[in-house]
Amino acid sequence: MAYLTLAAWLGGSELLIILAILLLLFGGSKLPSLAKGLGQSVREFKKASTTDDEVKPDETKKAVTPPAPPGGSN
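What you see is a predicted model; the values in this text were computed from it and never measured.

Enquirer: Could you give me a rundown of the overall build of the protein chain, with the residues and numbers involved?
Expert: From N to C terminus, the protein chain includes 4 helices and 0 strands. Reading the secondary structure of the protein chain in the N-to-C direction produces α-α-α-α. By residue count, 0% of the 74 residues in the protein chain fall in the buried class. Accessible area for the protein chain stands at about 7200 Å²; split by element, carbon and sulfur atoms hold 67% of it.

Enquirer: With reference to specific residues and values, describe helix α2 (residues 12-26).
Expert: Under the 1.5 Å per step criterion, the end-to-end length of α2 is 21 Å for 15 residues, consistent within 8% with the ideal 21 Å. Remark: G27 follows α2 within two positions and exhibits a positive phi of approximately 85°.

Enquirer: Which residues make up a nonpolar patch on the surface, and what values go with them?
Expert: Residues L15, I17, I18, I21, L22, L25, F26 and L34 make up a contiguous nonpolar surface patch of roughly 730 Å² in combined accessible area. At 7 residues, α2 tops the list of elements feeding residues into the nonpolar patch. On the secondary structure map, L15 appears in helix α2.

Enquirer: Summarise the confidence of the model for the protein chain; cite the residues concerned and give the values.
Expert: Here the protein chain averages 76 in pLDDT, and 68% of its residues register 70 or above. Per-element averaging of pLDDT across the protein chain places helix α4 (residues 57-60) at the bottom with 55 and α2 at the top with 87.

Scoring rules and cut-offs
Residues numbered from 1 in each chain as written. Predicted model: local features only at pLDDT ≥ 70, side-chain atom pairs only at ≥ 80, totals over all residues. Heavy atoms only, no water. Helix = DSSP H or I, 4+ residues; strand = E, 2+ residues; numbered from the N terminus. Buried < 20%, exposed > 50% of the residue type's maximum accessible area, 1.4 Å probe, protein only. Areas by Shrake-Rupley, 256 points an atom, 1.4 Å probe, with all protein chains shown as cover. Expected span 1.5 Å × (residues − 1). Patch = residues over 30% accessible without salt bridge, like charges linked within 9 Å, V, L, I, M, F, W, Y side chains within 5 Å. Salt bridge = Lys/Arg side-chain N within 4 Å of Asp/Glu carboxyl O. pLDDT = per-residue confidence, 0-100.

Right, dumping it as structure tokens:
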């Protein structure tokens, strides 16, 4: 959803300038591999965020023993 607000701020000429800068920095042969890596990372992030939402509340609240107080007992 954040990309929608970014797209509203950037027009066609701004996107062309950004694309030209990327082309100068990385070259034509690297851009497809960079786009593929970006797509894979976005897909992986979406997959991780949806699996975290599907965790049941009972699974996250397991019995945990509190740590012993510092100093110990004398």
